[in-house]
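Chain and residue survey
Each chain, written out:
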Amino acid sequence: MWSRRILAVLLALAAGYWDSTIATWLPGGFEAIQFSLPLVLVLAVYSTEERAITAALVTGVVQDVLLPSNSGLVSLRYVMIALLLHALSQNVLTNRSLIGAYAMGGVAVLLDRLLLLGVEGLFRFGGRMVVEEPHTFIFAELLWMAIVMTAVFMGFAAFTRRFLPPISRPEAGRIPLWRT
Amino acid sequence: MPKPRPWFIGLLGLSALLLLGLAGFIGPVRETVRAVLLPAARLTSNVGASIGRMMRLDRETGEANRRAEELEARLRNTAVDYVRLRALEEENRSLRAQANFITETGYQTVGARVIARAITHQTAVVTVDRGSKDGVEIGQAVVTEEGILAGKILSIGERTASVMLLSDIRSRVASKVSGADRLSGVVEGRGNGAAHFTLVPQSQPLERDNVIVTAGTEERVPPNLIVGIVNDVEAKPTDPFKNAVIEPLAPLERLELVAIVIPGS
């Protein structure tokens, strides 16, 4: 649906702007209040791979262009995180429980840090001067991710039918369409 | 024919980007994207700075913070006046007018807004919304509204530039004690908003509350720009040089508007 794709792009733009031009002004641990990684995570786990990759690219490009750091390659990192998380949500971790959502959030934060260290290490190994990407304490990021995933999960549970048990085919035949 | 999976398309796209980057085509694309995003970035950074200012104000100590900021501003203005006075005294004593040694160097400034920041424990770099189209070049001095040195241009694009602030551990500025007639040492960043004045000869008088200014030996940095004030001097008689802990007078944590000093032709 094109409207959902456009919404994903607009949210990714807004998240990119927030993370690169607003979050960096917040003092102390409040710098962890960022929206790009949670958006990529939510789309990768609860939506389609295509939307997750699109959002990762858009928000990553905004940050790569505006941030003074030159070694983060944010778009590359976020696309890889989107791919890995989507694969995880389909095969290993469930995306239908709050604990699963927390686990996904933790994996996303750890992946982001590992990839950031790896890319910065590559730049240093290549002899280029590195301007580090700003990041706050990892526990602040994990806490913020947990807050976001709680809100998203509860929103899905309260306002959608995503987590209702699936209806089997025999039952589907007996239940009128307007009640499904 | 089956539709290619999104992950495959994503990987293809990234590989194409990497190849374009290696071939040097990504620069113009990057500048075009930056030109599109810049107007909104100015607005959002203004919002971010306002939010940051509000969050730093504790209601119970609001008055104390205002008083401290007022005193800091008075200190900066006093330091500026003091340096100008010493510079005028030095110029009057100089023999350069008789030898036609004075070079007319016109400097102009270009105002810029900080739109993004990358400040960690060791590094301090910000992005400003001026670039090569505005005459900005690498190595130029960046000052606050009062004319106090905040940093130097690290890299430039067409419409933006990165500024390395004084507290960045890679920052180096040739400096002298205000009133001295030659280079005294180097101001090196130490991270976390701090800086040291190093490689100062033992024979150079240096004491607490001395004002440190730029020496003018760097091609694009004018002389007598205020850098900071000496807090503590560390000198061992057996060492050829002494160091000093200095406090940069520019509010590096709260920079919003700066000016880039552009040497005249």
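All figures in this text were calculated on a predicted structure; none of them were measured in a lab.

1. Notes on the side chain of A:Asp19
Residue and element names in this part refer to chain A.
- Looking at the secondary structure, you find Asp19 in helix α1 (residues 2-22).
- Among buried charged residues, Asp19 stands out as having no salt bridge; its nearest opposite-charge side chain is Arg77, 8.6 Å away.
- Filtering out sequence-adjacent residues up to four positions away, Asp19 remains in contact with Thr24, Gln34, Phe35, Ser36 and Gln63.

2. Section: the sheet that holds strand β5 (residues 161-165) of chain B
Residues and elements named next belong to chain B.
- An order of β1-β2-β5-β4-β3-β12 is seen for the six strands of this closed barrel, with the pairing classed as antiparallel. Across this sheet, the average inter-strand angle for adjacent strands is 45°, counted without regard to direction.
- Here four bridges tie strand β2 (residues 124-128) to β5, and the two strands are oriented antiparallel to one another. In the strand pairing of β5, Val126 is matched with Val163.

3. A closer look at the packing of α1(A) against helix α2 (residues 26-56) of chain B
- At their nearest, the axes of α1(A) and α2(B) sit 8 Å apart, and the two run at 55° to each other. As summarised for this structure, α1(A) and α2(B) are arranged oblique, according to the angle between their axes. The handedness of the crossing between α1(A) and α2(B) is right-handed. When α1(A) is examined against α2(B), the residues A:Leu13, A:Tyr17, A:Thr21 and A:Ile22 are found in contact with a partner set consisting of B:Leu37, B:Ala40, B:Ala41, B:Thr44, B:Ser45, B:Val47, B:Gly48 and B:Ile51.
- Residues belonging to the contact of α1(A) with α2(B) are distributed by class as follows: eight nonpolar, four polar and no charged.

4. What to know about the pairing of β2(B)
All names here are of chain B.
- Among the five residues that make up β2, five are buried, leaving the element largely enclosed by the rest of the structure.
- Sheet topology places strand β1 (residues 107-119) next to β2; five bridges connect them, and they run antiparallel. Each residue of the ladder has a partner; that of Ala116, found in β2, is Thr127.
- The hairpin formed by β1 and β2 contains four residues between the paired strands.

5. Digging into the environment of B:Ala116
- Within the secondary structure layout, B:Ala116 lies in strand β1.
- Between the C-alpha atoms of B:Ala116 and B:Asp129, which are 13 residues apart in sequence, the distance is 9.3 Å.
- Apart from residues no more than four positions distant in its own chain, B:Ala116 is found in contact with A:Ser20, A:Leu66, A:Leu67, A:Pro68, B:Val126 and B:Thr127.

6. Brief notes about a nonpolar patch on the surface
- A cluster of nonpolar side chains, A:Trp2, A:Ile6 and A:Leu10, forms an exposed patch at the surface whose accessible area comes to about 370 Å².
- Along the chain, A:Trp2 falls in helix α1.

7. Digging into the confidence of the model for chain A
- Averaged over chain A, the pLDDT score is 83; the fraction of residues at 70 or greater is 84%.
- Element-level pLDDT for chain A is lowest in helix α7 (residues 169-174) of chain A, with a mean of 56, against a maximum mean of 92 in helix α2 (residues 36-46) of chain A.

8. Topic: the sheet that holds strand β7 (residues 185-191) of chain B
- Judged by pairing direction, the barrel is antiparallel, and its six strands sit side by side in the order β6-β7-β8-β11-β10-β9 (chain B) before closing back on the first. This sheet shows a mean twist of 45° between the axes of neighbouring strands, independent of strand direction.

9. What about the interface of chain B and chain A?
- Taken residue by residue, the interface counts 39 residues in chain B and 30 residues in chain A.
- Summed over both partners, the interface of chain B with chain A buries about 3000 Å², with 72% contributed by carbon and sulfur atoms.
- Looking only at chain B, the three residues that lose the most surface to chain A are B:Leu14, B:Leu37 and B:Arg117, adding up to 19% of its buried area.
- At the surface where chain B touches chain A, the tally comes to six residue pairs in polar contact (both at pLDDT 80 or more).

10. Some details on the packing of helix α5 (residues 98-125) of chain A against helix α6 (residues 138-159) of chain A
Residue and element names in this part refer to chain A.
- Between α5 and α6, the least distance of the axes is 9 Å, while the angle of their chain directions is 145°. Crossing angle aside, the handedness with which α5 passes α6 is right-handed. Together, Leu98, Ala101, Tyr102, Gly105, Gly106, Ala108, Val109, Leu110 and Arg113 of α5 and Ile138, Glu141, Leu142, Met145, Ala146, Met149, Thr150 and Phe153 of α6 make up the contact between the two elements.
- Broken down by class, the residue content of the contact of α5 with α6 amounts to twelve nonpolar, three polar and two charged.

11. Description of the nonpolar core
- With 51 residues, the main nonpolar core has B:Val128, B:Phe197, B:Ile212 and B:Ile226 as its most contacted residues.
- Setting aside anything within four residues of it in sequence, one finds B:Val128 in contact with B:Ala112, B:Arg113, B:Val114, B:Arg159, B:Thr160, B:Ala161, B:Val163, B:Val258 and B:Ile260.
- A:Val40, A:Val74, A:Met145 and A:Phe156 belong to the second-largest nonpolar core, a separate cluster that totals 33 residues.

Here is what the cut-offs are and how they apply
- Residues numbered from 1 in each chain as written.
- Chains lettered and ligands numbered in written order.
- Predicted model: local features only at pLDDT ≥ 70, side-chain atom pairs only at ≥ 80, totals over all residues.
- Heavy atoms only, no water.
- Helix = DSSP H or I, 4+ residues; strand = E, 2+ residues; numbered from the N terminus.
- Buried < 20%, exposed > 50% of the residue type's maximum accessible area, 1.4 Å probe, protein only.
- Lys, Arg positive; Asp, Glu negative; His and termini not counted.
- Salt bridge = Lys/Arg side-chain N within 4 Å of Asp/Glu carboxyl O.
- Contact = heavy atoms within 4.5 Å.
- Pairing = 2+ DSSP bridges.
- Axes fitted to C-alpha atoms, helices over the stretch in contact; angles between N-to-C directions.
- Parallel < 35°, antiparallel > 145°, perpendicular 65-115°, else oblique.
- Left-handed = near helix turned anticlockwise from the far one by under 90°.
- Nonpolar A, V, L, I, M, F, W, Y, C, P; charged D, E, K, R; others polar.
- Patch = residues over 30% accessible without salt bridge, like charges linked within 9 Å, V, L, I, M, F, W, Y side chains within 5 Å.
- Areas by Shrake-Rupley, 256 points an atom, 1.4 Å probe, with all protein chains shown as cover.
- pLDDT = per-residue confidence, 0-100.
- Buried area = accessible area lost by both parts, 1.4 Å probe.
- Polar contact = N/O pair within 3.5 Å; in protein donor to acceptor, adjacent residues only side chain to side chain.
- Core = buried A, V, L, I, M, F, W, Y, C linked by side-chain atoms within 4.5 Å.

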